[in-house]
Amino acid sequence: MITFDKVSKSYTNNELAVNMVSMEIAAGELFVLLGTSGSGKTTLLRMINRLEDPTSGVITVGGRSVMEQDPVALRRNIGYSVQGTRLFPHMTIGANIAITPSLLGWDNERLVHRINELLEMVGLEPDQYIHRYPSELSGGQNQRVGVARALAADPPVILMDEPFGAIDPITRDRLQDEFLQLQAHLKKTVVFVTHDVFEAFKLGDRIAILNEGMVQQVDTPEMIASVPASKFVEDFLGHNRILLLMQNRQVGELQEEYEPLVPTAAAGFTATIDVKDSLATALEKFRSANMRRLPVISESQMLGLLSVDTVTNHLIPGDCPAEGALK
């Protein structure tokens, strides 16, 4: 869907903001650009819809070079959501969402239907919010509107530049969960910029880690945590590495190592672990129950017993000793 072929970007001082980046983003993938400030991630994002033009190299969207497309037409077919939403304060929520479809010439009936559909999709009751103004909404509600606006014309590609960065941690976590549910339904091609390692590992199907304009590693969250490609990536993840690995592996992956469990014996346990729980969640349940073995369930069906030692043995050797798991 989106390709970068030896893409570089330099400014007037000839300093490279992006340096020979080559990578592919698949259709329907939630692809995260992760790095510190100045690493080139936002510049890469902005070159996709020609808010910035590459100095060299080729970027394609849907098989066509972005430089061969009219930038205005290109942007109208790419959703864009940024930190703080940048909603127009003098326009109602409905009017903010309607901007791109209106420019594309949608008739009023289709437009109203789409606005109502999107507000419901992002958890805002249309009758309650469509005629309100951004100043009347909370930060989290405005961010939902920003996502709805990015989806308004049903674009195949959505660019998101730290969209949840200015929100308090609890609201941000909830918005991340809601966006994952939305993406599971819509299957858009999403390019998501963040400097937050935990956000990247929670959301991304794959992650590109950048440093000084160069790609250091492109892989799944689990592979990056398990096998860092360089000393930089290992240092970038730091002490978070083990927790990131635990959050991105599910209990169901250890199914072959469950111990047998007589169904009636489950009554003796004060907690259970769901097969879809992450290994991090499983360890927390072991700690809370103060037990070294707990039943694993799937839709109320008992699958077997899981031990804390089995969980910790599947983590990075030496980083999380089993004997410390319940301390």
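Residues numbered from 1 in each chain as written. Predicted model: local features only at pLDDT ≥ 70, side-chain atom pairs only at ≥ 80, totals over all residues. Heavy atoms only, no water.

Let's shift gears to helix H1 (residues 41-48). With six of eight residues buried, H1 is to be regarded as a mostly interior element. What H1 keeps buried is the set Lys41, Thr43, Leu44, Leu45, Met47 and Ile48. (Buried < 20%, exposed > 50% of the residue type's maximum accessible area, 1.4 Å probe, protein only. Helix = DSSP H or I, 4+ residues; strand = E, 2+ residues; numbered from the N terminus.)

A complete count under the given rule lists three aromatic pairs for this structure. With 6.0 Å between their ring centres and 50° between their planes, Phe164 and Phe192 make a pair best called tilted. Residue Phe164 is located in the loop between strand E7 (157-161) and helix H8 (169-186), and its partner Phe192 is located in strand E8 (residues 189-194); the two are separated by 28 residues in the primary sequence. For Phe164, a relative accessible area of 2% corresponds to the buried category. Ring geometry for Phe232 versus Phe236: centroids 5.9 Å apart, planes at 25°, classification stacked. In this pair, Phe232 and Phe236 both sit in helix H11 (residues 231-237), four residues apart, roughly one turn of the helix. Note on Phe232: relative accessible area 25%, which makes it partly exposed. In textbook terms, an aromatic cluster arises when at least three aromatic residues are bridged by ring pairs, as seen for Phe164, Phe179 and Phe192. Its end group placed over the ring of Trp106, Arg110 keeps NZ or CZ at 3.6 Å from the ring centre. (Phe/Tyr/Trp six-rings, centres within 6.5 Å; stacked < 30°, edge-to-face > 60°. Lys NZ or Arg CZ within 6 Å of the ring centre and 35° of its normal.)

Here we take up the confidence of the model for the chain. Counting all residues, the mean pLDDT for the chain is 89, and 94% of those residues have values of 70 or more. Low pLDDT, under 50, characterises residues 317-327; the stretch is placed with 17 contacts to residues that sit more than four places away or in other chains. (pLDDT = per-residue confidence, 0-100. Contact = heavy atoms within 4.5 Å.)

So, on to unusual backbone geometry. The general pattern is negative phi for most residues beyond glycine and trans for most peptide bonds. Here Lys187, not a glycine, exhibits a phi torsion of approximately 55°, which is positive. Within the secondary structure layout, Lys187 lies in the loop between H8 and E8. For Lys187, a relative accessible area of 56% translates into the label exposed. For Ser300, which is not glycine, the phi dihedral falls at a positive 75°. Turning to its location among the elements, Ser300 is positioned in the loop between strand E12 (293-298) and strand E13 (301-307).

Every regular strand shows the same layout, with side chains that alternate between the two sheet faces. Taken across its five residues, strand E3 (residues 30-34) has five buried, putting it largely inside the fold. Note that E3 and E8 share five bridges and pair parallel. By the bridge assignment, Phe31 is partnered in E8 with Val191. Two strands pair when backbone bridges link them, and E3 and strand E9 (residues 206-211) are joined in this way by four bridges, in the parallel orientation. Looking at E9, one finds that Phe31 is bridged to Arg206. (Pairing = 2+ DSSP bridges.)

Before going further, it helps to spend a moment on the nonpolar core. Ranked by size, the top nonpolar core spans 46 residues in total, and within it Leu34, Ile97, Phe179, Phe192, Phe201, Ile207 and Leu237 carry the most contacts. If one sorts the elements of this core by residue count, helix H7 (residues 139-151) sits on top with five residues. Those residues in contact with Phe179, other than ones at most four positions away along the chain, are Leu30, Val147, Met160, Phe164 and Val190. Grouped together as the second largest cluster of nonpolar side chains are 24 residues, Val7, Leu44, Ile78 and Leu210 included. (Core = buried A, V, L, I, M, F, W, Y, C linked by side-chain atoms within 4.5 Å.)

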